[in-house]
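Residue strings, one per chain:
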Amino acid sequence: MKKSFKYIFLAFGLLPVIMTSCSDDIDPVITELDTDRAFAPVGLTAFVRNQTTIELKWDVKEGVDHYEVEFSQDSLEFNSIIRTVTVMPDEVPIQEAFEGETQYSARVKAVREDGKESGYATIAVMTAIENIFLPLEGEDIAAKEVTLKWPAGSEVTHLIVNPGNVNRTITADEKAAGEVTIEGLTGETEYTITLYNNTKRRGVVTFETLVDIGDAIAVHPEDDLLAMIAAANDGDVLVLFPGEYGSAEAGLTINIEKSIKLRGLYPYDRPVVYGQITCNAAVGLLEVRSIIFEGTGYGQFFNVSGSDCNVSTLTVEDCDISGYSNNLIYNNNSGVFGTININNCYIHDILGSGGDGIDFRSGEIGALNVTNSTFANGFRTFLRMQAECNSVFESCTFYQVANVDSGNNRGLFRSSGGGTIKVSDCLFVRTGLEGTTTRGWWTKAGDMSASTTYADNYFFNVFNLFADGSEYTDPAQVDATELDPGFVDAANEDFTVTNQTLIDEQIGDPRWLN
């Protein structure tokens, strides 16, 4: 930049000499560019919306009467134009619907009021697999069958069910109704079903069947959950029917001493468990899934209550966890963990005045994987990892986190025990505490000894995230970009994103992305 200014200065410095040494026959300065044609549009970009709709956008210039857009079904060859659209300047961007899984090309030219035309700007784009499946409702999925729906009368011929690569023909009645039930499935199994019209894919859906109650221990709200857990064998699955277990006044302390799975029967009607989970024994596997945990009167959701706690794998899936006074997971007793997986959870309203969110002050842990989850309204320091660990936070949304007014609030990530930490595709909104300069850093100076990887994170309206005194004072150091997500109603727990850029890039918890 300094060199450029220097050269400009020298040029103007020579100008008087040049003028005095030349004749008066000098071409006038050009103040207006007049051409015989319009300029070709610049900044042409293409996006695929809803699998098969192509959105085109370009820079609109003054003096253009309209634009002409042509589409062909090829890759920048334009041998056969299949659609032509006239677009007024105030109609940009445009959206046009096409077939799925197809290569298209588009070209755009500008036309002035005098009829003069520009050259073409061109772009190629491939549409995604069409998906005419209607969203699965809770009762559509069972342990051994699933009901799939699409617009009645659509042209469809068969389904391919995987695993198994089973070809299921769609009858005339099923086609007319837009509905089919696939039977003979296996419980607790992830399936992918593809809908076809002859060779053309028209939809893909992935889901997991419910637990087969015939292979599990059924638990009802009127049962003694603690007694049934104590009586269960190692590796048993306990399926909780909808209802409440314990109460806010008399919660349950679930002490885990064996490998066990606790699962809500229906993900769309999850049971509510009041209480906490504790551990002081060697456990191969602990899984909790599709359960609402309410922690009034308890400090932690999961508490390592003794040094003999040794959990090979802890999995928390599709859970709503709230109301605890301090921590999500607390280990100050030398407990040992192999892997902790937290996925598709909503974790909120954990005050954190006396502890941190995921709080490992001692012990051992191999890996912590936190994905597709939302954390809202609470926590002091969000992650306090003083043990060596490989931690991953991916596709998560953070709202009003690390907002406790305490000198022990050291921000979002404290990973001082070594190992690695990766934070990617995450969204941070209103983190930290407004009105201070020392609450809610990304990482406080001296708190990060783990090897770091940051990629494609976004933030908005945060406090102190990159303030002086933190490990990072520049968003570029953590690959973070500022952008308003346009939450629909965050005050009422609706974090649906309306910002198209974040939707396109799939930033944050997928449940909030259209």
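Preceding block: the structure.
What this report covers is the structure whose coordinates are included nearby. (Residues numbered from 1 in each chain as written. Predicted model: local features only at pLDDT ≥ 70, side-chain atom pairs only at ≥ 80, totals over all residues. Heavy atoms only, no water.)

As for the sheet that holds strand E23 (residues 310-317)
Okay, step 1: Spatial ordering of the open sheet is given by E14-E15-E18-E20-E23-E26-E29-E32-E35-E37, a layout of 10 strands whose pairing is parallel. Whereas interior strands pair on both sides, the edge strands pair on one side only; in this sheet they are strand E14 (217-219) and strand E37 (451-455). In this sheet, neighbouring strand axes are inclined to one another by 10° on average, regardless of whether the strands run parallel or antiparallel.
Okay, step 2: Note that strand E15 (residues 236-240) and strand E18 (residues 260-264) share five bridges and pair parallel. Across the sheet, the residue bridging to Leu238 is Leu262, located in E18. (Pairing = 2+ DSSP bridges. Helix = DSSP H or I, 4+ residues; strand = E, 2+ residues; numbered from the N terminus. Axes fitted to C-alpha atoms, helices over the stretch in contact; angles between N-to-C directions.)

Examining the state of the cysteines
Okay, step 1: In total, this model carries one disulfide according to the counting rule given.
Okay, step 2: Here Cys279 is linked by a disulfide to Cys309, with a sulfur-sulfur distance of 2.4 Å. Disulfide Cys279-Cys309: the torsion about the S-S bond is 105°, which places it as right-handed. In this pair, Cys279 is assigned in strand E19 (residues 272-279) and Cys309 in the loop between strand E22 (300-304) and E23, connecting sequence segments 30 residues apart. Of the two residues examined, Cys279 and Cys309, each falls in the buried class.
Okay, step 3: The thiol of Cys319 is unpaired, and the distance to the nearest cysteine sulfur, on Cys345, comes to 5.0 Å.
Okay, step 4: Just so you know, Cys426 is unpaired, no disulfide at all, and the nearest cysteine sulfur is the one on Cys396, 4.8 Å from it.
Okay, step 5: Judged by its relative accessible area of 0%, Cys426 falls in the buried class. (Disulfide = S-S within 2.5 Å. Buried < 20%, exposed > 50% of the residue type's maximum accessible area, 1.4 Å probe, protein only.)

Points about the nonpolar core
Okay, step 1: Ranked by size, the top nonpolar core spans 72 residues in total, and within it Phe382, Phe393, Phe413 and Trp442 carry the most contacts.
Okay, step 2: Ignoring sequence-local partners within four residues, the contact set of Trp442 consists of Gly411, Leu412, Phe413, Val423, Phe428, Tyr454, Asn457, Leu465, Phe466, Tyr472 and Val478.
Okay, step 3: Residues Leu44, Ile94, Ala106 and Val108 belong to the second largest nonpolar core, which totals 21 residues. (Core = buried A, V, L, I, M, F, W, Y, C linked by side-chain atoms within 4.5 Å. Contact = heavy atoms within 4.5 Å.)

Overview of the packing of aromatic side chains
Okay, step 1: Taken as a whole and judged by the stated rule, the model has 31 aromatic pairs.
Okay, step 2: Between the aromatic rings of Phe71 and Phe98, the centroid separation amounts to 4.9 Å while the plane-to-plane angle is 55°, which identifies the pairing as tilted. Note that Phe71 is positioned in strand E3 (residues 64-72) and Phe98 in the loop between strand E5 (94-97) and strand E6 (103-112), a separation of 27 residues in sequence.
Okay, step 3: For Phe98, a relative accessible area of 11% puts it in the buried group.
Okay, step 4: For the pair Phe382 and Phe398, a centre-to-centre distance of 5.1 Å together with 85° between the ring planes defines the contact as edge-to-face. In this pair, Phe382 is assigned in the loop between strand E30 (374-378) and strand E31 (383-385) and Phe398 in strand E33 (residues 397-401), connecting sequence segments 16 residues apart. For the residue pair Phe382 and Phe398, the accessibility class agrees, reading buried in each case.
Okay, step 5: Members of the aromatic cluster, connected to one another through ring pairs, are Phe375, Phe379, Phe382, Phe393, Phe398, Phe413, Phe428, Trp442, Tyr454, Phe459, Phe466 and Tyr472.
Okay, step 6: The positively charged end of Arg107 is found above the aromatic ring belonging to Tyr120, 4.4 Å away from the centroid. (Phe/Tyr/Trp six-rings, centres within 6.5 Å; stacked < 30°, edge-to-face > 60°. Lys NZ or Arg CZ within 6 Å of the ring centre and 35° of its normal.)

Some remarks on the layout of surface pockets
Okay, step 1: The computed volume of the largest pocket comes to approximately 1,400 Å³.
Okay, step 2: Along the walls of the largest pocket sit 41 residues, with Leu136, Thr206, Asn344, Pro510 and Arg511 positioned nearest its centre.
Okay, step 3: Contributions of two or more residues to the lining of the largest pocket are made by strand E1 (45-49), strand E13 (200-208), E18 and helix H4 (500-505).
Okay, step 4: If you tally residues by element for the lining of the largest pocket, the top one is E13, at five residues.
Okay, step 5: Residue composition of the lining of the largest pocket, grouped by class: 18 nonpolar, 13 polar and 10 charged. (1 Å grid on protein atoms, 1.4 Å probe; cavity = no way out; pocket = protein on both sides within 12 Å on 5 of 7 lines; lining within 4 Å. Points joined across faces, edges and corners; volume = space filled by probe spheres on them. Nonpolar A, V, L, I, M, F, W, Y, C, P; charged D, E, K, R; others polar.)

Some points on the sheet that holds strand E10 (residues 166-169)
Okay, step 1: Strand order in the open sheet formed by four strands is E10-E9-E12-E13, with antiparallel pairing between adjacent strands. Bordering the open sheet on either side are E10 and E13, each of which pairs with just one other strand. Adjacent strand axes in the sheet meet at a mean angle of 20°, parallel and antiparallel pairs treated alike.
Okay, step 2: Sheet analysis places strand E12 (residues 190-197) next to E13, joined by eight bridges and oriented antiparallel.

Overview of the pattern of salt bridges
Okay, step 1: The full count for this structure, using the stated rule, is 26 salt bridges.
Okay, step 2: A salt bridge links Lys200 to Glu99; its shortest N-O distance comes to 3.9 Å. Of the two residues, Lys200 is situated in strand E13 and Glu99 in the loop between E5 and E6; the sequence distance between them amounts to 101 residues.
Okay, step 3: A relative accessible area of 28% places Lys200 in the partly exposed class.
Okay, step 4: Residue Glu101 pairs with Arg201 through a salt bridge whose shortest N-O separation is 2.2 Å. With a gap of 100 residues between them, Glu101 in the loop between E5 and E6 and Arg201 in strand E13 connect regions that are remote in the sequence.
Okay, step 5: Among the residues examined, Glu101 registers a relative accessible area of 27% and is labelled partly exposed.
Okay, step 6: Judged by its relative accessible area of 29%, Arg201 falls in the partly exposed class.
Okay, step 7: Within this structure, Glu188, Glu208, Arg263, Glu287 and Arg289 form a network of salt bridges that share partners. (Salt bridge = Lys/Arg side-chain N within 4 Å of Asp/Glu carboxyl O.)

Without other data, these values stay purely geometric and don't point to any function.
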